[in-house]
Amino acid sequence: MTDILKNNKAYLVWFLFYVLFFSILTGGIALFYYLITVPLAFSPVAENLWRKVTGVRPLRLKSEKERLLPIFKEVYWEAVRANPNLSKGIKLYIKEDMTINAFAFGKGTLVLTRGSIELLNDECLKGLISHEFGHFAYKHTDALLLFTVANLPMSFIIRKLTDAKNYFDNSKRRSLIIGSLCDFLYYLFKALDFIGDLILMHSSRKSEYKADKFSIKSGFGKNLTDVLIEIYGVSISKPQSVKEQLRSTHPHITLRIERLENYIELTT
């Protein structure tokens with residue numbers, strides 16, 4: 001609990017804001033929603049359901065197990081040495097996606113895309129995996145799940161307000177008072193959602209840097225740096241606008257490479 005409070009303040013503050021805001025708005029009804037959905041979201045049942053919905057699968061082929069399990073276990077061992085509080089129940093899964101990527105979810109789901117497995121060598125895979133262990137170590141996955149649950153009422157309300165706004169905008173019998181009230185509520189909730197999004201995306205980018213540092217701490221900083229350099233070498237993307245940068249979940253890849261190289265220099 002200490003780790004999630006220490007490393008995810010923005011997520012937790014915004015979660016508490018949503019709980020308070022929606023509880024007041026609904027006369028306390030929303031509080032019961034959170035009391036039910038938060039424990040449910042953290043349950044193994046919910047995590048297993050999410051894996052099925054997103055098409056994440058366990059290792060099945062003999063070739064996958066023979067190659068990936070030794071890599072995974074080696075990095076896991078070093079990650080536990082770097083952070084003895086790391087969960088012992090994390091398992092490796094595969095997503096049938098040919099992009100080079102990896103991600104972590106919930107309490108124990110660490111995912112490699114098939115593109116990563118097919119296109120990267122073993123040492124680079126160690127770098128990707130160690131970074132995702134960093135997210136588990138700092139409870140980023142728990143914080144993100146908590147916020148996702150907290151944000152569901154906001155998404156629902158904005159969707160309904162959007163429908164109402166479109167209805168009144170296109171209505172021939174538009175009431176000035178009701179239409180203006182609908183517009184006010186729509187832009188109020190959109191503004192709250194936008195502010196929260198900016199705060200949390202900033203926190204997400206900081207989380208990526210922390211997970212990168214964990215790779216160094218667990219002994220795989222050079223591996224991760226090599227992965228990012230390889231990804232940057234084959235990626236083709238247009239320059240991001242200021243808005244896109246503010247709403248990006250990850251720092252620009254060159255910033256991550258620069259920091260990793262600087263950290264590695266300082267520790268060698």
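Please refer to the structure higher up on the page.
Below is a summary of the structure that appears in this document. Source: prediction; values computed, not measured.

**Focus: the sheet that holds strand S2 (residues 91–95)**
Stage number 1. Here four strands make up an open sheet; going across it, the order is S1-S2-S4-S3 and the pairing mixed. Each edge of the open sheet carries a strand with a single partner, namely strand S1 (56–58) and strand S3 (102–105). Strand after strand, the sheet turns through a mean of 35° between neighbouring axes, direction not considered.
Stage number 2. Direction of pairing for S3 relative to strand S4 (residues 109–113): antiparallel, over a ladder of four bridges. In the strand pairing of S4, Ala102 is matched with Leu112.
Stage number 3. Lying over the sheet, helix H7 (residues 122–137) contacts S3 and S4, oriented at roughly 150° with respect to S4.

**Examining unusual backbone geometry**
Stage number 1. Unlike most non-glycine residues, Lys139 shows phi in positive territory, near 60°.
Stage number 2. Among the structural elements, Lys139 can be located in the loop between H7 and helix H8 (140–170).

**Section: the nonpolar core**
Stage number 1. Residues Leu86, Leu112 and Phe133 are the most contacted members of the largest nonpolar core, which totals 38 residues.
Stage number 2. No other element matches the eight residues that helix H5 (residues 62–82) contributes to this core.
Stage number 3. Ignoring any residue separated from it by four or fewer positions in sequence, one finds Phe133 in contact with Phe72, Val75, Tyr76, Ala79, Leu86, Ile90, Leu110 and Phe214.
Stage number 4. Counting residues in each nonpolar core, the second largest holds 26 residues, with Phe15, Ile158, Tyr186 and Leu192 among its members.

**Re the packing of aromatic side chains**
Stage number 1. Tallied over the full model, the rule gives 18 aromatic pairs.
Stage number 2. Measuring from centroid to centroid gives 3.9 Å for Trp50 and Phe105, while their planes differ by 10°, and the two rings are stacked. Residue Trp50 is found in helix H4 (residues 44–54), and its partner Phe105 is found in strand S3; the two are separated by 55 residues along the sequence.
Stage number 3. The class of Trp50 is partly exposed, set by a relative accessible area of 22%.
Stage number 4. Through a chain of ring-to-ring contacts, the aromatic side chains of Tyr11, Trp14, Phe17, Tyr18, Phe21, Phe22, Phe147 and Phe189 assemble into a single cluster.

**A closer look at a positive patch on the surface**
Stage number 1. Taken together, the side chains of Lys6, Lys9, Lys206 and Lys217 make up a positively charged region of the molecular surface.
Stage number 2. Positionally, Lys9 belongs in helix H2 (residues 9–25).
Stage number 3. A relative accessible area of 53% places Lys9 in the exposed class.

Here is what the cut-offs are and how they apply
Residues numbered from 1 in each chain as written. Predicted model: local features only at pLDDT ≥ 70, side-chain atom pairs only at ≥ 80, totals over all residues. Heavy atoms only, no water. Pairing = 2+ DSSP bridges. Helix = DSSP H or I, 4+ residues; strand = E, 2+ residues; numbered from the N terminus. Axes fitted to C-alpha atoms, helices over the stretch in contact; angles between N-to-C directions. Contact = heavy atoms within 4.5 Å. Core = buried A, V, L, I, M, F, W, Y, C linked by side-chain atoms within 4.5 Å. Buried < 20%, exposed > 50% of the residue type's maximum accessible area, 1.4 Å probe, protein only. Phe/Tyr/Trp six-rings, centres within 6.5 Å; stacked < 30°, edge-to-face > 60°. Patch = residues over 30% accessible without salt bridge, like charges linked within 9 Å, V, L, I, M, F, W, Y side chains within 5 Å. Areas by Shrake-Rupley, 256 points an atom, 1.4 Å probe, with all protein chains shown as cover. Salt bridge = Lys/Arg side-chain N within 4 Å of Asp/Glu carboxyl O. Lys, Arg positive; Asp, Glu negative; His and termini not counted. Charge placed at Lys NZ, Arg CZ, Asp CG, Glu CD.

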